Amino acid sequence: MHPFFFGFFFSEPLGLLAMALAFIAAGYFAWPFLVWTLLIAALLVGLAAPVWLMALFAAVAVVFLLAPLRRTLFSAMVMETMKAFKLIPYISPTERTALEAGVVWMEAELFSGQPNFKRILAQPYHQLSVEEISFLENEVEQLCAMVDDYKIFRTRTLPPEVWDFIRRKGFLGMIIPKEYGGKGFSHSAHSAVIQKVTTRGVCMVTYVMVPNSLGPAELLVRYGTDAQKHKYLRRLASGDEIPCFGLTEPAAGSDAGAISAEGVLFRGEDGQIYIRLNWSKRWITLAAISTLIGLAFKLRDPDNLLGKGTSELGITCALVPAHLKGVVVGRRHDPMGLPFHNCPTQGHDVIMRADEAIIGGLGGAGRGWQMLMECLGVGRGISLPAQSAAGAKLIARVVGSHATIRKQFGLSIAKFEGVEEPLARIAGCAYYLEALRNYVLSALDQHISPAVVTAIAKYTSTEECRDAVNDGMDILGGAGISMGPRNTLALTYIATPIGITVEGANILTRTLMIFGQGALRAHPFAFAEINAIERGDLVAFDRALVGHIGHVLRNLTRSVVLSLTRGAFVRSPVGGPTRRYVQKLSWISASFAIMSDLAMAMLGGKLKVKEKLTGRFADILSWMFIASAVLKRFEAEGRRPEDKVFLDFSMAVAFQRIQEAFDGIFANFDVPGLQWFFKGPVRWWSRINLISLSPSDSLSHQVAHAIVSNVEQRDRLTQGMYIPSQPDQAIARLERAYKIVRQAEAVECKIRDAVLSRRLNKKSKTLLDDAVKAGVIQPEEFACLTEADKVRADAIQVDDYSDAEFLHFEAPTPAKPQPRVEMDL
């Protein structure tokens, strides 16, 4: 370059700008370096820096701004250093397949440090079709009405007429397209069916849920050959084939890639390629009654029959008819006493034509892990989140009714602050789990399968439901632990650990999937850097590295500024109650992004085994996502004023969990040379500059009051659950008692006022008669109080048994309630 150009560059800021624009036009400059170069140059000029300092800065700037120089002098050195010091995590083939399964969605916005909330809040809720609504209001209602969940539990048998109804009415074919005889339902409709059935029968719902989750039907729809689809899908949709899917083994649970099941290819006497299968699986739902087994195994081709040049083809999925010689089914496990079929299965030298057995034909050989990861990326967002949201709704409605009806010390226990606290947690949980369920379904019904998002949904929904059912059992007290037809929560309580365990145990889902995969998939540059290093592609690495550096510098600046201002100046796409929450989430996102980058940079490949630390990062990402889902729900439902308490409560819970996770990270960020900084100043600042406090007592009171006193809000909060109409059913009994007791409360207020004004004597044994005689209440109001006392006495009864009934699983003799008058005076 001409010397004059450099002289102009040093002496004139306009010259710097001119040169920058020229190089931008030529495609040499990287935007992050350019921006920071201009800022630093302007600062140096403004401070009248000496020429030698300007020259030194210019020399460094030229190296970083010119791509060829930067690659040679900087990026190549960084690339080799990262290799030498193992600063990138090792990614196994199965891990890579899992990472590449599905896509990223709104979690990438939250990971970016600068989330676009206009986009986040614009994601559409799916609207159910007329056909889907009709199925929910008819077939699903009919199925629920047929079921006595406690009887199924005691007899350990699903009645044949119920199983027959499930098969005949198409419950097993909800995800199968109509062209193959299925329902072809949306993911939202599928979720809604699971949700309603769950509120009626946790013993039964598995029989509806599993055939529509990971298994033969879903694998065939997505990957099967035309011949396989035509052979099996109609029979699966009609229930003529009962499916199961064999993945887990004694030594391969959460580490499903460690399966030992094996298939070996060989050529038969007829010249066709066959497969010999051997397996030993366990925890396989429906296996004992299945007619078609989906199987995951490692495929070997010792004679190179498929011409792939290797004998180890990898994990493969196949369909195995259960009647074949060598297949062993029939035994079962006992999952917490719940009588759904969860079973072992074995196969001993089971032989099939390979092109008929392998899903996708011979072209599907070795593609099984990809298939499984893609299917699980969808399934985790449907079944267990639906069950958990349903559980929270059921608990909220049951416990709200019980707390209103039940009296101690002359008061409804709903008025005790000690009961209000868990009651508020349950109601808040029902609100934000439903928000999470619908928001995840928004992605799935847009044909987006974000694996990290569905892992968040599975993990957080099952964990939150576990907390809710524990709170519910605490409030029910003795009524919760006394088993029988009147007990409304015990079976949900018993079933809860199963959801925690299946589809990826929660401990590993939190520590390995949500942040482990999220840090690579949702981060805008990390995965690209790793791929470039593994390929030895310096150009791609340089491009990703430049972007990453700019990303870090931007988020470092944003996190500091937003922390100092508490996000007050962030532009929000919405006003009203949600505006401030958007600003705080932007602040949290920036802090999360910079801390994630620091953890990845300073711990490198070691971060993979720092599971306590990655678990806390996972908690922050999960609760940012839940908070976003809550904002979406509140906005989508029209910003109802009466729902603001649920918005405020949910956001306070989310921010509290995020604060706890950040505190844990700062206290345990053991990086040599920087421990003092994070454990000292940063942690200190975090504690005095709290994101949020836990929900206040006043807010908890309002939420608890809403679930016991606001009938319309109570109905909306628990929308989608099954409420039986038969008066002898436990929930129906509670519903009737709740309504009558609520009506009687207004009458009790009149008597209480009369006692306070000394028109009535509180100690009178004929207080109600005195109230009628004194004209305080009318005869019909007297009848209302009498009826309320009668239904209250009935509703709080628990089941008891004779020895014969108890030992032989017979129905208990109906309890005889002993009513007595209790009023809040």
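Residues numbered from 1 in each chain as written. Predicted model: local features only at pLDDT ≥ 70, side-chain atom pairs only at ≥ 80, totals over all residues. Heavy atoms only, no water.

A. How the structure looks around the overall build of the protein. Across its full length, the protein carries 36 helices and nine strands. Taking 28 Å as the expected radius of gyration for a compact globule of 825 residues, we find that the protein reaches 32 Å, a close match to that expectation. Overall, the protein is about 110 × 85 × 45 Å in size when its C-alpha atoms are taken along their principal axes. The buried share of the protein, taken over its 825 residues, is 56%. (Helix = DSSP H or I, 4+ residues; strand = E, 2+ residues; numbered from the N terminus. Rg over C-alpha atoms; globule rule 2.2 N^0.38 Å. Buried < 20%, exposed > 50% of the residue type's maximum accessible area, 1.4 Å probe, protein only.)

B. Main features of the pattern of salt bridges. One pass over the structure, following the stated rule, counts 39 salt bridges. Two residues, Arg71 and Asp542, come together in a salt bridge whose shortest N-O distance is 3.6 Å. Here Arg71, found in helix α5 (residues 67–84), pairs with Asp542, found in helix α26 (residues 538–565); they are 471 residues apart in sequence, far enough to count as distant. Relative accessible area serves as the criterion here: at 2%, Asp542 is assigned to the buried category. With its nearest N and O atoms 3.9 Å apart, the salt bridge here joins Glu80 to Lys83. Here Glu80 pairs with Lys83, and both are found in helix α5, just three residues apart, close to one helical turn. (Salt bridge = Lys/Arg side-chain N within 4 Å of Asp/Glu carboxyl O.)

C. Layout of unusual backbone geometry. Of note in the backbone geometry, Leu286 takes a positive phi value of approximately 75° without being a glycine. Considering the arrangement of structural elements, one finds Leu286 in the loop between β3 (273–285) and β4 (292–300). Look at His447: it is not a glycine, yet its phi comes out positive at around 65°. Within the secondary structure, His447 sits in the loop between α19 (417–445) and α20 (451–476). Since its relative accessible area comes to 74%, His447 is described here as exposed.

D. Structural view of the packing of aromatic side chains. Summed over all chains, the structure comprises 23 aromatic pairs. Relative to Phe678, the ring of Phe669 lies with its centre 4.6 Å away and its plane at 65°, an arrangement referred to as edge-to-face. The class of Phe678 is buried, set by a relative accessible area of 4%. Through successive ring pairs, a cluster of aromatic residues spans Phe111, Phe515, Phe592 and Phe617. Above the face of the Tyr125 ring, Lys632 is positioned so that its terminal group lies 5.2 Å from the ring centre. (Phe/Tyr/Trp six-rings, centres within 6.5 Å; stacked < 30°, edge-to-face > 60°. Lys NZ or Arg CZ within 6 Å of the ring centre and 35° of its normal.)

E. Structural view of the pairing of strand β2 (residues 262–267). As defined by bridge partners, β2 adjoins β3 across six bridges and the pair is classed as antiparallel. Pairing of Leu265 across the sheet is with Ile275, part of β3. Counting the residues in the hairpin turn of β2 and β3 gives five residues, including Gly271, whose phi is positive at 90°. Of the strand pairs in this sheet, β2 and β4 are connected by three bridges, and their pairing is parallel. By the bridge assignment for β4, Gly263 is matched with Leu299. (Pairing = 2+ DSSP bridges.)

F. Structural view of helix α12 (residues 187–198). The end-to-end C-alpha distance of α12, which contains 12 residues, comes to 16 Å, matching closely the 16 Å that a straight helix rising 1.5 Å per residue would cover. Counting buried positions over the 12 residues of α12 gives 11, a clear majority of the element. Buried positions along α12 lie against α9 (130–146), α13 (205–209), α18 (383–405) and α19. (Expected span 1.5 Å × (residues − 1). Contact = heavy atoms within 4.5 Å.)

G. Highlighting helix α29 (residues 644–667). Over its 24 residues, α29 extends 34 Å from the first C-alpha to the last, a length consistent with the 34 Å expected when each residue adds 1.5 Å. Within α29, 20 of the 24 residues are buried, which leaves the element mostly enclosed by the surrounding structure.

H. Structural context of empty space enclosed by the protein. This model, assessed by the stated rule, comprises five cavities of 30 Å³ or more. In terms of lining residues, the largest cavity is bounded by 16 residues, among which Ala479, Arg486, Leu734, Ala795 and Gln797 are the most central. At three residues, helix α33 (residues 730–756) tops the list of elements feeding residues into the lining of the largest cavity. Here the lining of the largest cavity is composed, by residue class, of eight nonpolar, five polar and three charged. (1 Å grid on protein atoms, 1.4 Å probe; cavity = no way out; pocket = protein on both sides within 12 Å on 5 of 7 lines; lining within 4 Å. Points joined across faces, edges and corners; volume = space filled by probe spheres on them. Nonpolar A, V, L, I, M, F, W, Y, C, P; charged D, E, K, R; others polar.)

I. Highlighting the layout of surface pockets. Its volume calculated, the second largest pocket comes out at about 930 Å³. Lining the second largest pocket are 30 residues, and of these Leu128, Glu434, Arg437, Asn438 and Gln719 sit closest to its centre. Broken down by secondary-structure element, the contributors of at least two residues to the lining of the second largest pocket are α9, α12, α18, α19, α28 (611–636) and α32 (711–717). The biggest single contributor to the lining of the second largest pocket is α19, with five residues. Residues belonging to the lining of the second largest pocket are distributed by class as follows: 11 nonpolar, nine polar and 10 charged.

J. Focus on the side chain of Glu434. With respect to the helices, strands and loops of the structure, Glu434 is situated in helix α19. Taking the relative accessible area as the measure of exposure, Glu434 reaches 8% and is therefore buried. Glu434 has contacts with Gln195, Ala389, Lys393 and Arg633, leaving out every residue within four places of it along the chain.

K. Summary view of the packing of α19 against α20. At a minimum axis separation of 9 Å, α19 and α20 run at an interaxial angle of 160°. On the basis of the axis angle, α19 is roughly antiparallel to α20. The two elements α19 and α20 cross, and the hand of that crossing is left-handed. Of α20, the residues touching α19 (which contributes Val419, Pro422, Leu423, Arg425, Ile426, Cys429, Tyr432, Leu433, Leu436, Val440 and Leu444) are Val453, Thr454, Ala457, Thr460, Ser461, Glu464, Cys465, Ala468, Asp471, Gly472 and Ile475. In terms of residue class, the contact of α19 with α20 is built from 15 nonpolar, four polar and three charged. (Axes fitted to C-alpha atoms, helices over the stretch in contact; angles between N-to-C directions. Parallel < 35°, antiparallel > 145°, perpendicular 65-115°, else oblique. Left-handed = near helix turned anticlockwise from the far one by under 90°.)

L. Summary view of the confidence of the model for the protein. Confidence in the prediction for the protein averages 90 pLDDT; 94% of positions are at 70 or higher. Below a pLDDT of 50 lies the segment residues 1–29, which in the model reaches 32 contacts outside its immediate sequence neighbourhood of four places, other chains included. (pLDDT = per-residue confidence, 0-100.)

M. Quick peek at the environment of Glu745. Tracing the backbone shows Glu745 in helix α33. Residues Glu745 and Ser700 lie 45 residues apart in sequence; the distance between their C-alpha atoms is 22 Å.

N. Representation of the state of the cysteines in the model. Scanning the model with the defined rule gives zero disulfides in all. Not engaged in a disulfide, the cysteine Cys317 finds its nearest cysteine sulfur in Cys375; these two sulfurs lie 8.0 Å apart. Note on Cys317: relative accessible area 1%, which makes it buried. (Disulfide = S-S within 2.5 Å.)

O. Summary view of the packing of α19 against α29. Relative orientation of the contacting elements α19 and α29 amounts to 95°, with a least axis distance of 9 Å. By the angle class used here, α19 and α29 are roughly perpendicular. Along the contact surface, α19 presents Ala424, Arg425, Ala427, Gly428, Tyr431 and Tyr432, while α29 presents Phe646, Leu647, Phe649, Ser650 and Val653. In the contact of α19 with α29, the residues fall into eight nonpolar, two polar and one charged.

P. Structural view of the environment of Ala457. Here Ala457 shows up in helix α20. In this structure Ala457 comes out as buried when scored by relative accessible area, which is 1%. Separated by 24 residues in sequence, Ala457 and Leu433 have C-alpha atoms that sit 8.8 Å apart. Residues in contact with Ala457, not counting those within four places in the same chain, are Pro385, Leu436 and Val440.

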